[in-house]
Amino acid sequence: MQKNIPWIFGGFLLGVLATAYGTHQWFAHAQQTERPGNSLDNPIDIPRDLSGLSIKIPRIRVVHTTDATDEGGSMYLQEVDPWLGYMWGKALSQRNFRERDGVYGDNGKIEGVLLPDGATKMMDRSHTNSCGSCHNVPYRDAGAGMTIAKNGATGRNTPHQYGGGLIEMIGLQIRLQAYAIADTNRDGWISKEEAKGKRLIIHNLPEGEPGRVAIDLGSFEENEYGMPSLNPVMYPIYVDKNGQRIAYARNMKHPEVAGYQIEVQVFGWGNLYMPFRPPVSTTLRSFTTAPFEIHSGLQSHDPTTYLSPKRDAHALVSNAGAQQFITAASKDRGGVRAPSKNGMPGISLDDPDRDGYAEEISEGDLDVAEWYFLNHPAPARGRQTADVRAGEKLFAQVGCATCHLPDWQLLPGNTKAKDYTQRFDGDRRFFDLKVAFNDKTERLESKIEYRTEQVKTAKGERSVPRRGGYTIRGIYSDFKYHDVGEDFYQMQFDGSIVKEWRTAPLWGVGTTAPYAHDGANLDLDSVIRRHGGEALDSRVNYTKLTAKEREQIICFLNSLVLYQTDQLPCDINGDGKIEENFKVQGMNTGMECFNPEWLFRIPVKIEGPIRNIRGEKIVSRAGVNLRAAYGLDLHFLRDTDGDGFPDITDQHPTIRGFRDGLR
Ligand code: HEC
Ligand code: HEC
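Residues numbered from 1 in each chain as written. Chains lettered and ligands numbered in written order. Predicted model: local features only at pLDDT ≥ 70, side-chain atom pairs only at ≥ 80, totals over all residues. Heavy atoms only, no water.

Caption draft 1: Seen up close, the confidence of the model for the protein chain. Considering every residue of the protein chain, the mean pLDDT works out to 93; 95% of them sit at 70 or more. In this model residues 12-28 is a low-confidence stretch, pLDDT under 50, and it forms 6 contacts with partners more than four residues away in sequence or in other chains. (pLDDT = per-residue confidence, 0-100. Contact = heavy atoms within 4.5 Å.)

Here is the structure:
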């Protein structure tokens, strides 16, 4: 026995070392959501997921490019392989970021703008490592979710982002319509003189269309606080007599201020609308940088949002075609750049949170994330029963639809118009998913309608959004802030009160309980009865209906639904039918569903029928051609040392350095 002690002890030590080595390796490679392996991979080296639902690509920062022929760059992912770009963007929204990706930095610290009590910041930071941990109903999509500590003790509920691109486009359109009314001399900003006597009245639909209404967003003139008397959805940025931004101006009483520019805040429940508060992020791109920073401690290095050629409110126009605003510039400004060997700008070494990890989110990452959110399918309508139809009529009759406006039109793009206020973007998406309930099969079904045209050049083919007009049906919002009564007022820590809220778009509302900005209503009837203020008449009308009629309204609202996109039956190849046994790369993938992986230039090939470790016959949906399908060998995506910095920007492509490419 005595003799065996060194052996026992030695064996134990070896075991510990092996475990440490193994788990260290595992830690280095794996995370819950990144599982590229198939049944033949050793799960210690390459975590696997035979359901095929996990993220199949390693964390590699996408490189921003503007030339679509740069293979694997962000413009290539948008115009040459748009579904691949969509999935790289989706992966960013679902990924559980790890320490080695630079996540967190200031866990538990509170951050954001100072609340009116003068002491408390808006919310706690670095507390989740993925967009998907809050936006997760349904799971794996840009869904709705939990209520979080934010702005005050009642908190804020997480809304869904289905159809977010359409909302963004409405906002940017309203912005141009406002300038068309007030910027008389067309110099790009609204002077105090120009504002005199003008009101912002716009319409949801063009002249002659049934359902067209006028939306009054207030007066351009100064109010007693020196701010434009516009609805809070319009956020002013003050400029001097040359139209350049005065970042420190609180209002137009400031001697240097000559007028203002505007951002339109179509996202978020409601903003505090106080001097010195930056607007709620107004574009999808900024609503990606801001949450990455606040919730996950990941700072973006994004020249698209921090460069302002005219030194006014405007930053650049993103690859996806959205005007960006300087108010959303994140802290990483690329002050110091790593050396690069090929003339590419090196990665930013600024590291604003001082956690040692550089360029945590790249400009190219934001390009593909924006591409994904812009194109994310919109909510659908479930089964259209007699009650649903009756409910929709009653909804309009009792006055709900005056705020919850059903339809909006995106005007066709005409980017060459002489008058800048007429340069509408048109529909910038590359596809529209038409989803409808099929009464025969009794399920939601879909088909893809492309919104692109093919452009052939000497260097190859690109697919570019046609930028036509588009009528959005059933979004149910006027995108205006309203005082809907005291029951909705949110008291801040110091007793000051937020009174006005953006009309919540009701699409998807059947699947997004709990309701209201604070998630305080667990069912639809109670959130409707909570309405007062400007909505008092419609609330009273609602309560006067018979119980049956109220039920019909609820039935109608419950028919506005979300759905799990990758499980949605879809005629993905456009042959007019949805196949039970859909073949991709020679493999039977089962039901033809909305899985973008089948639409890559090189579609994902699944592993197919195998026996699992228990000897049961299963179909493995893990991919077997991931490097080719996901473009991991393309020039701009290749990451030889696997440290997350692609070779093209890595200061040392063969030394693994998670921090800055070298260390
Ligand atoms: C900790 C939970 C949480 C995380 C993580 C999170 N969000 Fe959100 N998100 C929210 C809440 C809460 C709101 C509503 C905020 C408000 O209006 O005050 C919101 C609102 C949004 C909106 C506006 C939707 C609309 O139509 O009004 C977008 C877009 C969005 N988030 C994108 C993202 C992205 C992209 C990420 C990841 C980078 C992310 N969010 C991560 C909680 C979260
Ligand atoms: C004066 C404008 C107005 C009218 C009229 C109005 N609403 Fe609203 N509604 C709002 C606003 C603003 C909110 C957002 C409240 C918040 O942020 O907490 C809202 C929220 C809701 C919500 C919760 C949405 C969610 O995602 O949490 C539902 C459901 C709703 N309204 C249904 C109705 C119905 C049904 C009627 C008619 C009886 C109606 N509303 C009339 C302005 C209005």
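Caption draft 2: Local environment of the nonpolar core. In this structure, Trp88, Met234, Trp408 and Tyr630 are the most contacted members of the largest nonpolar core, which totals 101 residues. At 9 residues, the largest contribution of residues to this core is made by helix α4 (residues 164-182). Membership of the second largest hydrophobic core comes to 29 residues, among which are Leu272, Leu506, Tyr515 and Tyr542. (Core = buried A, V, L, I, M, F, W, Y, C linked by side-chain atoms within 4.5 Å. Buried < 20%, exposed > 50% of the residue type's maximum accessible area, 1.4 Å probe, protein only. Helix = DSSP H or I, 4+ residues; strand = E, 2+ residues; numbered from the N terminus.)

Caption draft 3: View of the packing of aromatic side chains. One pass over the structure, following the stated rule, counts 20 aromatic pairs. Counting every residue linked through ring pairs, the aromatic cluster contains Trp83, Tyr86, Trp371, Tyr372, Phe373, Phe430, Phe431, Tyr450 and Phe594. Over the aromatic face of Phe645 sits the side chain of Arg61, whose NZ or CZ is 3.9 Å from the ring centroid. Between the NZ or CZ atom of Arg659 and the centre of the ring of Tyr357, over which it lies, the distance is 4.5 Å. (Phe/Tyr/Trp six-rings, centres within 6.5 Å; stacked < 30°, edge-to-face > 60°. Lys NZ or Arg CZ within 6 Å of the ring centre and 35° of its normal.)

Caption draft 4: Layout of the coordination of the iron atom of ligand 1. On the protein, His135 (NE2) is the one donor atom to the iron atom of ligand 1, at 2.1 Å. You can see His135 is positioned in strand β3 (residues 135-137). (Donors = N, O, S within 2.8 Å, 3.2 Å for Na, K, Ca; no water.)

Caption draft 5: Structural detail: empty space enclosed by the protein. Applying the stated criterion across every chain, the model contains 5 cavities of 30 Å³ or more. One number sums up the size of the largest cavity: a volume of about 80 Å³. Surrounding the largest cavity, Met169, Leu172, Gln173, Leu176, Leu410, Leu411, Phe424, Asp425, Gly426 and Arg428 form its lining. If you tally residues by element for the lining of the largest cavity, the top one is α4, at 4 residues. Of the residues assigned to the lining of the largest cavity, the class counts are 6 nonpolar, 2 polar and 2 charged. What the second largest cavity holds in volume is close to 50 Å³. (1 Å grid on protein atoms, 1.4 Å probe; cavity = no way out; pocket = protein on both sides within 12 Å on 5 of 7 lines; lining within 4 Å. Points joined across faces, edges and corners; volume = space filled by probe spheres on them. Nonpolar A, V, L, I, M, F, W, Y, C, P; charged D, E, K, R; others polar.)

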